[in-house]
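Okay, here's what each chain looks like letter by letter:
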Amino acid sequence: MPDAIIEPPHPTAAWVAARRQAFREVVAAFDAARPVLILGHHDADGLSSAAILFRALERSGRRARVRLLGRGENAWSPEMVSELRAQDIGGLILADLGTRAEPLAPGVATVLLDHHVPTGVPQAALLVSGHGLRPTPTTSLLAWWCAGGLAEVDDLLWLAALGIIGDMEEAAGFPELAAARERWGITALRRAVSLLNAPRRASAGDAAPALALLLRADGPKSVLSGEYPETALLQAAKAEVQEALTEGRRVAPQIRGDVALIPLHSACQIHPLIAQQWKGRLKDKVVIAANTGYRSGWVHFAARAGQGTDLIAFLRRHRPDGADHVQYGNGHPQASGGALPPEAWNRFVAGLGFGAEGQVPA
């Protein structure tokens, strides 16, 4: 039986005001003599969150810089912890990167903004989480709410809308999204999301041009206009991803019981898109798209399921030996996934009922 999803409460004005005040107080405690470091995810939600925070901090008189986490990187990896501890920063903000209990930079005031299922409550840090609310605020919307405690950010609402559309499409029901649609136009917002997601999905996996564009543009039409050179780079990345998607859509799923497996081999990050596509056609299945070409030595997979199935719980039950808590089974109840070494992947699919057809060379 699928794991039941209990409907959580809606975010209220008082809820937002309390988080905005807490955010303002932590930022006030940052060391003003040193820059604030923003760590962000490289998808549309993470990019727009980082852009909102950077621009709000600048408007409030704070120096800031952004470090995007890319392919195979994790904020709590030993490499990232070493990188952070070598930097001279006055404050740290993590956006759309998940949560864990361990402090990343001991002694540095830290804020975590996130909307995924928490995997730990951070110690000595402020966590602003959308988890447990319905609809679940994306990190970009959390960032826009919080940034309003630092500076005037009404003109940055389009950035929050990009994150909402990128992570939740348009069924979220947030009044902020409705306001952004009316002000900037839904077609331009949709097209901007598609363009901004392309670089991290392309084989190079470099989302820096997308961030640079969001730090310069004044709206989605500016993103699309071509007035900035980054737009052409994003368009080239999108063309590459579209070609890979066309090939990936030809792959038929293999079905065992309640699970549909789609094997892929592409340097582009097409597995989440393929899984989402098949989810609409296989509504009663857990759909898993697995990509052996995305990163050498790993099987990256995206899992999708309809309402009524909790993928976090599903993946927890089927966790194979060799899966770590950083790269496996995080995300959302209906949108999760991870990355496994080949040996662990083979144990994983065997546990789901797949034989040689689901195995990869170890």
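Everything here concerns the structure above.
Residues numbered from 1 in each chain as written. Predicted model: local features only at pLDDT ≥ 70, side-chain atom pairs only at ≥ 80, totals over all residues. Heavy atoms only, no water.

Draft legend 1. Structural view of the environment of Val121. For Val121, the location among the structural elements is in the loop between strand S4 (110–114) and strand S5 (126–129). When its relative accessible area of 60% is taken as the criterion, Val121 is described as exposed. Val121 sits 20 residues away from Ala101 along the chain, and the two C-alpha atoms are 4.8 Å apart. Setting aside residues no more than four positions away along its own chain, Val121 makes contact with Arg100 and Ala101. (Helix = DSSP H or I, 4+ residues; strand = E, 2+ residues; numbered from the N terminus. Buried < 20%, exposed > 50% of the residue type's maximum accessible area, 1.4 Å probe, protein only. Contact = heavy atoms within 4.5 Å.)

Draft legend 2. Local environment of the sheet that holds S4. Reading across the sheet, the five strands line up as S2-S1-S3-S4-S5 and stay open at both edges, with parallel pairing between neighbours. If you trace the sheet from one side to the other, it starts and ends with strand S2 (64–69) and S5, each paired once. Taken pair by pair, the neighbouring strands of this sheet meet at an average axis angle of 15°, ignoring direction. With four bridges connecting them, S4 and S5 associate as parallel partners. Following the sheet pairing, Val111 is matched in S5 by Leu126. (Pairing = 2+ DSSP bridges. Axes fitted to C-alpha atoms, helices over the stretch in contact; angles between N-to-C directions.)

Draft legend 3. Expanded view of the pairing of strand S10 (residues 328–332). Here S10 runs beside strand S11 (residues 335–340); their pairing, made up of four bridges, is antiparallel. Note that in S11 the partner of His332 across the bridge is Ala335. Between S10 and S11, which pair antiparallel one after the other, the connecting turn spans two residues.

Draft legend 4. Structural context of the nonpolar core. If you look at the biggest cluster of nonpolar residues, it comprises 64 residues, and the most contacted ones within it are Ile93, Trp144, Trp158, Leu162 and Leu214. When residues of this core are assigned to their parent elements, the largest contribution, nine residues, is made by helix H2 (residues 44–59). Ranked by size, the runner-up nonpolar core spans 22 residues in total, among them Leu261, Leu311, Ala344 and Val360. (Core = buried A, V, L, I, M, F, W, Y, C linked by side-chain atoms within 4.5 Å.)

Draft legend 5. Region of interest: the sheet that holds S11. What the six strands build is an open sheet, ordered S6-S7-S8-S9-S11-S10; its pairing is mixed. Since the sheet does not close on itself, it has two edges, and those belong to strand S6 (254–256) and S10, each with one partner. Shown here is a sheet whose adjacent strand axes are inclined to one another by a mean of 20°, direction ignored.

Draft legend 6. Seen up close, helix H4 (residues 139–147). A large share of H4 lies buried, amounting to nine of its nine residues. Taken together, the buried positions of H4 are Thr139, Ser140, Leu141, Leu142, Ala143, Trp144, Trp145, Cys146 and Ala147.

Draft legend 7. Main features of the packing of aromatic side chains. Considering all chains together, one arrives at seven aromatic pairs under this definition. Judged by centre distance (6.5 Å) and plane angle (75°), the rings of Trp145 and Phe174 are edge-to-face. With a gap of 29 residues between them, Trp145 in helix H4 and Phe174 in the loop between helix H5 (157–168) and helix H6 (175–184) connect regions that are remote in the sequence. Residue Phe174 is classed as buried on the basis of its relative accessible area of 5%. An aromatic cluster is built from Phe301, Tyr328, Trp345 and Phe348, whose rings are joined through pairwise contacts. (Phe/Tyr/Trp six-rings, centres within 6.5 Å; stacked < 30°, edge-to-face > 60°.)

Draft legend 8. Expanded view of the pattern of salt bridges. Scanning all chains against the criterion turns up 10 salt bridges. Arg34 serves as the salt-bridge partner of Asp31, at 2.2 Å between the closest nitrogen and oxygen. Taken together, the shared-partner salt bridges connect Asp31, Arg34 and Asp88 into one network. (Salt bridge = Lys/Arg side-chain N within 4 Å of Asp/Glu carboxyl O.)

Draft legend 9. Representation of the packing of H2 against H4 in the model. Running from N to C, H2 and H4 point in directions that differ by 10°, and their axes come no closer than 8 Å. Here H4 runs roughly parallel to H2, going by the angle between their axes. Together, Asp45, Ser48, Ser49, Ile52, Leu53 and Ala56 of H2 and Thr139, Ser140, Ala143, Trp144 and Ala147 of H4 make up the contact between the two elements. For the contact of H2 with H4, the class distribution of residues is six nonpolar, four polar and one charged. (Parallel < 35°, antiparallel > 145°, perpendicular 65-115°, else oblique. Nonpolar A, V, L, I, M, F, W, Y, C, P; charged D, E, K, R; others polar.)

Draft legend 10. Inspection of the pairing of S11 at higher detail. Taken across its six residues, S11 has five buried, putting it largely inside the fold. Pairing of strand S9 (residues 299–304) with S11, which is carried by six bridges, proceeds in the antiparallel orientation. Paired with Phe301 across the bridge in S11 is Gly338.

Draft legend 11. Structural context of the packing of H2 against helix H8 (residues 208–216). Remark: H2 packs on H8, axes separated minimally by 9 Å, with the N-to-C direction vectors making an angle of 40°. In terms of orientation, H2 and H8 fall into the oblique class. Between H2 and H8 lies a crossing of right-handed hand. Seen from H2, the contacting residues are Leu47, Ser48, Ala50, Ala51, Phe54 and Arg55; seen from H8, they are Ala210, Leu211, Leu214, Leu215 and Arg216. Split into classes, the residues belonging to the contact of H2 with H8 amount to eight nonpolar, one polar and two charged. (Left-handed = near helix turned anticlockwise from the far one by under 90°.)

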